[in-house]
Amino acid sequence: MPLLSTTNLSKSFDPVDIFNDVNLSIPHKARIGLVGPNGVGKTTLLRILVGLDEPSSGSVQRSKNLRVGYLPQESHFEGSGTLWEECLTVFSGLMDRQRQLADLEAAMASPSHSQELMDQYGRLQHEFDLQGGYTFEVRIRQVLTGLGFSRADEHRPVVHLSGGQRTRALLARLLLSNPDLLLLDEPTNHLDIEAVEWLEAYLKEWDGAAFIVSHDRYFLDQVVDHIYEMTPELEVYRGNYSAYLIQRADRYEHRLAEYEKQQEFIEKEEEFIRRNLAGQNTRQAQGRRTRLARMLEETRLAPPRQPRRLRLNLTPAARSGDLVVRTYGLQVGYKDEGKPLFTSPDLVLRRGECAAVIGPNGAGKTTFLKTLLDQIPPFAGEVALGASLKIGYFAQAHEGLHPRWSLMDEIQALAPKMLPGEIRDYLAKFLFTGEDVFKTVDVLSGGERGRLALACLAMQGANLLLLDEPTNHLDLPAQEVLQSILGDFNGTILLVSHDRYLIDSLATQIWEVQTAGRTLRIFEGSYSEFKTVRQGEQLVQAVQTVEKPTQVVVAAPAGISKDRLRRRQQQVDALEKEIASLELEITAINNRLSSVGIDPAEAQRLGHEYARLEAALNQKVEEWGELAEG
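Our subject in this report is the structure included herewith. This structure is a prediction, so every number in the text was calculated from the model and none was measured. (Residues numbered from 1 in each chain as written. Predicted model: local features only at pLDDT ≥ 70, side-chain atom pairs only at ≥ 80, totals over all residues. Heavy atoms only, no water.)

**Section: the overall build of the protein**
Logical step 1: Assigned secondary structure in the protein consists of 19 helices and 20 strands.
Logical step 2: Relative to its 630 residues, the protein shows a buried fraction of 46%.
Logical step 3: By sequence separation, contacts in the protein at least 24 residues apart represent 70% of the contacts at least 6 residues apart.
Logical step 4: Here the protein has roughly 32,200 Å² of accessible surface; of this, 49% comes from carbon and sulfur atoms.
Logical step 5: Put simply, the protein has 70 plus and 87 minus side-chain charges, and the middle of one group is 4 Å from the middle of the other. (Helix = DSSP H or I, 4+ residues; strand = E, 2+ residues; numbered from the N terminus. Buried < 20%, exposed > 50% of the residue type's maximum accessible area, 1.4 Å probe, protein only. Contact = heavy atoms within 4.5 Å. Areas by Shrake-Rupley, 256 points an atom, 1.4 Å probe, with all protein chains shown as cover. Lys, Arg positive; Asp, Glu negative; His and termini not counted. Charge placed at Lys NZ, Arg CZ, Asp CG, Glu CD.)

This is the structure we're talking about:
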């Protein structure tokens, strides 16, 4: 039996039908991605599945005692405690048992305690162990760290977190609650690449089911094994996002061939009927006409539909020089802050290349683009731009748009010679039709602003594109078109993005802002190659940076022979090796305990092993300290 299923589910907001007759099934351990253009009803469907909205018709069937975790696009995280305290609420039952165990331990300290008390303590400790009582604090810290929170953030009240941080906090609490089914609406929206990759790894190992609405194509490729597409009908595809693209194209071609074959048959039958209805084959023509009428009523195929798509053309007005961007001793940041955001090695970007700038939120990527544009002076160093450049800038916040202007006004300002009818035709290529063209910018959705900004960019004839999160708020069809157009662009691209699918498709260089050292790292190659190299480096670093005491050379106290001193030094060296080995084992257990695919018995065993190793480590460190002090 599936965890959740629907029967003929429909939703309308009179007089508009959002979707009709949706039938779906979410089995145990499912990994399903829900895709479709903006406005097709994906979020509405999720809200109905979780029980926040009612369908207009149809029904939702849930398995008995189903525990559902729901992450909306915008979080309304309620809570008055700190981030750590709010995560602890998930484990309130365990904390009650922890207090009961402490009370029993205090009672058992009395010499007159009974056997019954010891039995009660044993039973309670066993339950506490099975339910993860010795590992839940480790789990909280690993989830919070994975989602990009620092140790300092753990002590901040939730009410003081930003909107994006509250969404991440809600996601952390959902993951820790370990529901049977996760319903996630754009879970990667407020995560940087490192946090998204952590979430991918978490969901791959997790034992529950997940039903995910996402525009993050790389994330869908990594996590899901089925794609459900709303068009608004629901179509099911096996495999990840890349497999879905291939199957979708194949289905369209097959349906088009079937439709064209039927149309050809209809035309032939109609031609025969016209030629023979009044001739010698009248009865045969009448029979064919009857059969054709029945076929047209019962099995006539509709032409296969494709969604409306952007018609975007980015053509450089002129060829740039071979050298497009060069920097010398560049430091990026604001001088009044006293120190740079990061220091860059000398950069070289040549015509036809695409450099993708990646890094955590707040690392200075947008500031870097504005420094290249001379909108912000360098903290230090120099930027040199090449010859014959015409720069097109796509700003993440679309600062170049005018809130009170209409869409017609925005295009008219860039092309004053265009007639109103020509402007309307041009905007229609970006899916703005009818009265949409008279809307003011301030009432547009995020996706609509993105499409308008692309419409403005396409008019500029730029040969150097500086793009700051160009796929933000765009639905999947628009992302696919933009990727295709940028792939064919006969110019140079500097791309700031969290969209790894786009980066992997376009980038010839990866420029990574590393906040730890406040530096920019240059990698020549694709994102897939960069990721492989980085994973290897992280593995090496994890082995090399295991914490251990600083190596100590034992001093020679008065009256101790050289032989005895040598033996003591050998003991210190041996203890240091044992301590390093124990720390490696503890790190490995920590990593295993963070795995959500672990069963309770294994978690219990690892919890005991963790406690044993920690006790052994403390003992070895104490021995080491005594020997080192002499």
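**A look at the packing of helix α5 (residues 136-146) against helix α7 (residues 193-205)**
Logical step 1: Where α5 contacts α7, the two axes come as close as 9 Å, and the packing angle between them is 135°. With respect to α7, the axis of α5 lies oblique. Where α5 approaches α7, its residues Arg 139, Gln 142, Val 143 and Gly 146 are matched on the opposing element by Ala 195, Trp 198 and Tyr 202.
Logical step 2: When its residues are assigned to classes, the contact of α5 with α7 shows four nonpolar, two polar and one charged. (Axes fitted to C-alpha atoms, helices over the stretch in contact; angles between N-to-C directions. Parallel < 35°, antiparallel > 145°, perpendicular 65-115°, else oblique. Nonpolar A, V, L, I, M, F, W, Y, C, P; charged D, E, K, R; others polar.)

**Some thoughts on the environment of Phe 149**
Logical step 1: If you trace the backbone, Phe 149 turns up in the loop between α5 and α6 (163-177).
Logical step 2: Overall, the relative accessible area of 5% leaves Phe 149 in the buried class.
Logical step 3: When neighbours within four sequence positions are excluded, Phe 149 is seen to be in contact with Leu 83, Leu 144, Gln 165, Arg 168 and Ala 169.

**Some details on the sheet that holds strand β8 (residues 209-213)**
Logical step 1: Strand order in the open sheet made by the six strands is β6-β7-β8-β4-β9-β10, with mixed pairing throughout. A strand with exactly one partner marks an edge of an open sheet, and here the two such strands are β6 (68-71) and β10 (234-238). With direction set aside, neighbouring strand axes in the sheet form an average angle of 15°.
Logical step 2: As judged from the four bridges shared by strand β4 (residues 31-35) and β8, these two strands associate in the parallel manner. (Pairing = 2+ DSSP bridges.)

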